Amino acid sequence: MVNPNRQIVLDTETTGMNQLGAHYEGHCIIEIGAVEMINRRYTGNNFHFYIKPDRPVDPEAIKVHGITDEMLADKPSFNEIAQPFLDYIKGAELLIHNAPFDVGFMDYEFRKLNLNVKTDEICLVTDTLQMARQMYPGKRNSLDALCDRLNIDNSKRTLHGALLDAEILADVYLAMTGGQTSLFDENDVNESHFIRTMSGNKDSALRSAVNISHNLKVLQPSEDELLAHLEFIKMINKKSGDNCLWDKRLDKEVIH
């Protein structure tokens, strides 16, 4: 049974791929990176392994991810990490960019171990590449292109890497689907009820908003964050020709 609140953003790196026939046949997964989110919040419970394959890494693949045979010599085999990996992903929604590629490899690795399991039978698989193509038809929708479009920092992505790419894809997915998380803690208030109320009776909506405000968590900025915020406001004021209302309001607060 899939838990709709638990999402795992996943990526793999491999020894290579075939241009003809099954893309995974005769190749191996050499890195798995996965980032867990619950209720659209990062949990820090990530999964990351380098894996020793039973064949050499193709030179063309090394140019993509930089992972060599020497780097994998002392790493565990897929057989050693298969069960922990299955336990980790089971029952989650998997978010994968170009999912058929990674799922094809995963199921191939499971079959080689005679494991009677298919990824889409234990998880809900969502292809973020297909999502992006529907949202941005006719545009490039590679991970790098989406980072540029959505202002996601991918400056560390000089080479492909499963965990780094999963972390970046998680940011991209959240940006594509409306942000990281709700303002409201689910233990304190039913957000959907609040939204329905706001669209109905105005008086009751106001009362609801007041009640909710008492339950909001206030996170105070650090001194460094405050200074960075003030510098940002000054920059906006300069670019607007001294017409930034926020800057003027800050000046008034300082005077008073």
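Residues numbered from 1 in each chain as written. Predicted model: local features only at pLDDT ≥ 70, side-chain atom pairs only at ≥ 80, totals over all residues. Heavy atoms only, no water.

Turning our attention to the layout of surface pockets. The gaps left among the atoms become clear once a water-sized probe is rolled over them. Considered as a void within the structure, the largest pocket measures approximately 600 Å³ in volume. Every residue lining the largest pocket is counted, 26 residues in all, and those nearest its centre are T12, E13, V64, F101 and H160. Listing elements by their share of the lining of the largest pocket, those giving two or more residues are β1 (6–14), α1 (59–65), α4 (99–112), α7 (143–150) and α8 (162–176). It is β1 that contributes the most residues to the lining of the largest pocket, five residues altogether. (1 Å grid on protein atoms, 1.4 Å probe; cavity = no way out; pocket = protein on both sides within 12 Å on 5 of 7 lines; lining within 4 Å. Points joined across faces, edges and corners; volume = space filled by probe spheres on them. Helix = DSSP H or I, 4+ residues; strand = E, 2+ residues; numbered from the N terminus.)

Time to look at the packing of helix α3 (residues 78–89) against α4. Across the interface, α3 lies against α4 with an axial gap of 11 Å and an inter-helix angle of 125°. Between α3 and α4, the interaxial angle falls into the category oblique. The handedness of the crossing between α3 and α4 comes out as left-handed. In this structure, α3 uses F78, F85, L86 and I89 to contact α4, whose residues at the interface are M106, E109 and F110. Class assignment of the residues belonging to the contact of α3 with α4 gives a composition of six nonpolar, no polar and one charged. (Axes fitted to C-alpha atoms, helices over the stretch in contact; angles between N-to-C directions. Parallel < 35°, antiparallel > 145°, perpendicular 65-115°, else oblique. Left-handed = near helix turned anticlockwise from the far one by under 90°. Contact = heavy atoms within 4.5 Å. Nonpolar A, V, L, I, M, F, W, Y, C, P; charged D, E, K, R; others polar.)

Summarising the element assignment, T15 is placed in the loop between β1 and β2 (29–38). On the basis of relative accessible area, T15 is assigned to the buried category, the value being 0%. A distance of 2.8 Å separates the side chain of T15 from the side chain of H27, its partner in a polar contact. Those residues in contact with T15, other than ones at most four positions away along the chain, are H27, C28, I30, P53, R55, P56, V57, D58 and A61. (Buried < 20%, exposed > 50% of the residue type's maximum accessible area, 1.4 Å probe, protein only. Polar contact = N/O pair within 3.5 Å; in protein donor to acceptor, adjacent residues only side chain to side chain.)

A pair of packed helices can be characterised by two numbers: the angle between their axes and the separation between those axes. The contact between helix α6 (residues 128–135) and α8 brings their axes to 11 Å, and the two run at 35°. Handedness of the crossing formed by α6 with α8: left-handed. Touching T128, M131, A132 and M135 of α6 are L169, Y173 and M176, all from α8. A per-class count over the contact of α6 with α8 returns six nonpolar, one polar and no charged.

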